[in-house]
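Examining the three-dimensional arrangement
Next come the chains, spelled out residue by residue.
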Amino acid sequence: MAQSKELPQFPEPFWREIDIPNYPKLVEGMKVDVGIVGGGIVGITTAYLLAKQNVTVALLDAGRILNGTTGHTTAKITAQHGLIYDEFIQHFGEEKAKLYYEAQMEAKEFVEATAKELDINCDLEEQDAIIYTNSDDYVNQLETEKKAYDTLGIDSELTDSIPLKVQHKLALIMKNQAQFHPLKFLSVLAKEAVKHGAQIFENTTAVDVEYNKHPAIITREGHRVICGNIFVASHFPFYDGQGFYPARMYAERAYVLAIKSKKNYPGGMYITAEEPTRSLRSITINGEEAWLVIGDNHKTGQGKSTIEHYKALQDFAEAHIGVEEILYRWSAQDLTTLDKLPYIGRISEEEDKIFVATGFRKWGMSNGILAAKIISDKILGHENPYTELFSPSRFQTDPSLRKFARINADVAKHLIKGKLEFTDNSIKSLSKDDATVTRINGKRAGVYKDPEDKYHCVDTTCTHMGCEVEWNSGERTWDCPCHGSRFSYTGEVVEGPAKRPLERIDLE
Ligand code: FES
């Protein structure tokens, strides 16, 4: 087959190309010690940790396990999460900034120790994490960040020469970080969890929680999973528990290309300090080395046509790497909290048998493992040094409150903008595999024309809180700019917090 420098027609994460067993759908009510909602890195790791300690666990996933953000990650396991340590020292103090770093490194050690213990071949390798800049504005910031690293005792180096052949003025290296194949690792953890008695249910959508002495997860079919504790590990919390999560986070998307190049990968995991973000790591595909090129983040449902983001990465790769073939493309969504620290712990003060983990700001591998450790320790009654730092009920006056106002102003803007916007795009002029927003019977409607000339029409009002969804041409989904819900072109929920599909409109 001829090699193609074109973008693959459909998004498909490379990680999913391994055999992952199917798990059954829940068909009746049950009672367990812990009910977990969400089969990503957090849910699977927690199920594994708890089941090993003879805790009875039921894990529910709305689709297939490991097919949400975890299945679309770039799988760097690092404590270098952009330029954050100086900021954390300023906002939270040295002690907490150091705890954040140590928590991430402990997560890395957990992956290493578990891979060894269970003999998992998951392409785990140590790599340095490198943040570089070619902008004068960021040179100072990198120098300041290096001082923060030194204050916190982080093994690092500031250099103006990195092995990657891109123009750069300065780079900050965090030594001995790691990368792996996340699904090779986590699919084994899922099997181990089941071996220890955990039950995993796929295609089982949790829609609500009944909170009382014995809280219960309610599924779409009306089955009740009565639990001692519930862990909401569904990325965006499917249940809010009076924690006001939609007002405390925003969603961003990022794009990934897997590229074959004549150039050998120089080693290291890279990310730019400035925007648009460009991030790189190596990967092995069919026994051959390839490059992952990642970046072009933007708020979900906002900005240019999403396929343009892939094209921007393609241009970068052509210019700096030399593209022989684009093997895969995919994208991922993640959530950022008000103060950039994840929310891990009790969902709210009022509902103390329900836990949540969310808001990993694209650094879900280490934060995901960390969340599983914190919550399983909490349930098992073990001390965990990081509990307080990540508690969702923490109150930070600065910068949280300002951002709180900004996030909600943005949501309000999209609520209003979507309603007033007048569109007169004609459905008839639509090309195949394209979509438009129009009005049908006075209602704002989204119409997608598939490659077989069939039209699919939905009411564009998001079923979460009523914002108007926008077309995502890269993934063929309708994405909500307010809290990041995503829907297939037929209206089915791809990503929450929305639980109900978009209303379908009959065009006949
Ligand atoms: Fe909240 Fe759409 S995701 S309104």
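Below or above, wherever it landed, is the structure these notes cover. (Residues numbered from 1 in each chain as written. Predicted model: local features only at pLDDT ≥ 70, side-chain atom pairs only at ≥ 80, totals over all residues. Heavy atoms only, no water.)

Things to note about the overall build of the protein
If you tally the helices and strands in the protein, you get nine helices and 24 strands. Its C-alpha atoms give the protein a radius of gyration of 22 Å, near enough to 23 Å, the size a compact globule of 508 residues would have. Among the 508 residues that make up the protein, the fraction classed as buried is 60%. For the protein, the exposed area adds up to about 21100 Å²; of that, 47% sits on carbon and sulfur atoms. The positive charge centre, built from 59 side chains, and the negative charge centre, built from 74, are 2 Å apart in the protein. (Helix = DSSP H or I, 4+ residues; strand = E, 2+ residues; numbered from the N terminus. Rg over C-alpha atoms; globule rule 2.2 N^0.38 Å. Buried < 20%, exposed > 50% of the residue type's maximum accessible area, 1.4 Å probe, protein only. Areas by Shrake-Rupley, 256 points an atom, 1.4 Å probe, with all protein chains shown as cover. Lys, Arg positive; Asp, Glu negative; His and termini not counted. Charge placed at Lys NZ, Arg CZ, Asp CG, Glu CD.)

Focus: the sheet that holds strand S22 (residues 477-479)
Strand order in the open sheet formed by four strands is S21-S22-S23-S24, and the pairing between neighbours is antiparallel. Strand pairing shows two members of the sheet lacking a second neighbour, strand S21 (470-472) and strand S24 (493-495), which therefore form its edges. Between one strand and the next, the sheet's axes are offset by a mean angle of 35°, whatever the strand orientation. Bridging between S21 and S22 involves three bridges; their strand directions are antiparallel. Bridge pairing in S22 places Asn 472 opposite Thr 477. (Pairing = 2+ DSSP bridges. Axes fitted to C-alpha atoms, helices over the stretch in contact; angles between N-to-C directions.)

A word on the nonpolar core
Of all hydrophobic cores here, the largest spans 92 residues; its most connected members are Ile 44, Ile 65, Tyr 85, Phe 185, Ile 344 and Phe 390. In terms of residues, this core owes the most to one element, helix H3 (residues 94-117), which gives nine residues. Ignoring any residue separated from it by four or fewer positions in sequence, one finds Ile 344 in contact with Val 356, Ala 357, Phe 360, Asn 367, Leu 370, Ala 371, Ile 374, Ile 375, Thr 387, Phe 390, Ser 391 and Pro 392. Ranked by size, the runner-up nonpolar core spans 26 residues in total, among them Leu 26, Val 225, Ile 230 and Ile 354. (Core = buried A, V, L, I, M, F, W, Y, C linked by side-chain atoms within 4.5 Å. Contact = heavy atoms within 4.5 Å.)

With respect to the side chain of Asp 339
In this fold, Asp 339 is placed in the loop between strand S15 (325-337) and strand S16 (343-346). Among the polar contacts made by the side chain of Asp 339, one reaches the side chain of Arg 394 at a distance of 2.8 Å. (Polar contact = N/O pair within 3.5 Å; in protein donor to acceptor, adjacent residues only side chain to side chain.)

Quick notes on the state of the cysteines
Among covalent bonds in proteins, the disulfide is the one between the sulfur atoms of two cysteines. For the coordinates displayed, the defined rule picks out one disulfide. No disulfide involves Cys 457; its sulfur sits 16 Å from the nearest other cysteine sulfur, which is in Cys 462. (Disulfide = S-S within 2.5 Å.)

A look at the environment of Ala 47
In this structure, Ala 47 sits in helix H1 (residues 41-51). With near-sequence residues (within four places) excluded, Ala 47 lies in contact with Ile 36, Val 57, Leu 59 and Ala 193.

Here we look at the pairing of strand S1 (residues 30-37)
Taken across its eight residues, S1 has six buried, putting it largely inside the fold. Bridge count between S1 and strand S10 (residues 224-232): seven bridges; the pairing is parallel. Within S10, the position partnered with Gly 35 by the bridge is Ile 230. The pairing of S1 with strand S2 (residues 57-60) spans four bridges and is classified as parallel. What sits directly across from Val 37, in S2, is Leu 60.

Regarding the packing of aromatic side chains
Summed over the entire model, instances satisfying the criterion amount to 19 aromatic pairs. An angle of 55° between the planes, with centres 5.3 Å apart, marks the rings of Phe 88 and Phe 92 as tilted. Taken together, the residues Phe 88 and Phe 92, both in helix H2 (residues 85-92) and four residues apart, mark about one turn of the helix. With respect to burial, Phe 88 and Phe 92 carry one shared label: buried. Here Phe 238 and Tyr 239 contribute two aromatic rings whose centre-to-centre distance is 6.4 Å and whose plane-to-plane angle is 45°, an arrangement assigned as tilted. Take Tyr 239: its relative accessible area is 11%, and that puts it in the buried class. Among the aromatic residues, those joined into a ring-pair cluster are Tyr 85, Phe 88, Phe 92, Tyr 100, Tyr 101, Tyr 149 and Phe 390. Directly above the ring of Tyr 245 sits Arg 248, whose terminal nitrogen or CZ lies 5.0 Å from the centroid. If you follow Arg 248 out to its NZ or CZ, it ends over the ring of Tyr 343, 4.3 Å from the centre. (Phe/Tyr/Trp six-rings, centres within 6.5 Å; stacked < 30°, edge-to-face > 60°. Lys NZ or Arg CZ within 6 Å of the ring centre and 35° of its normal.)

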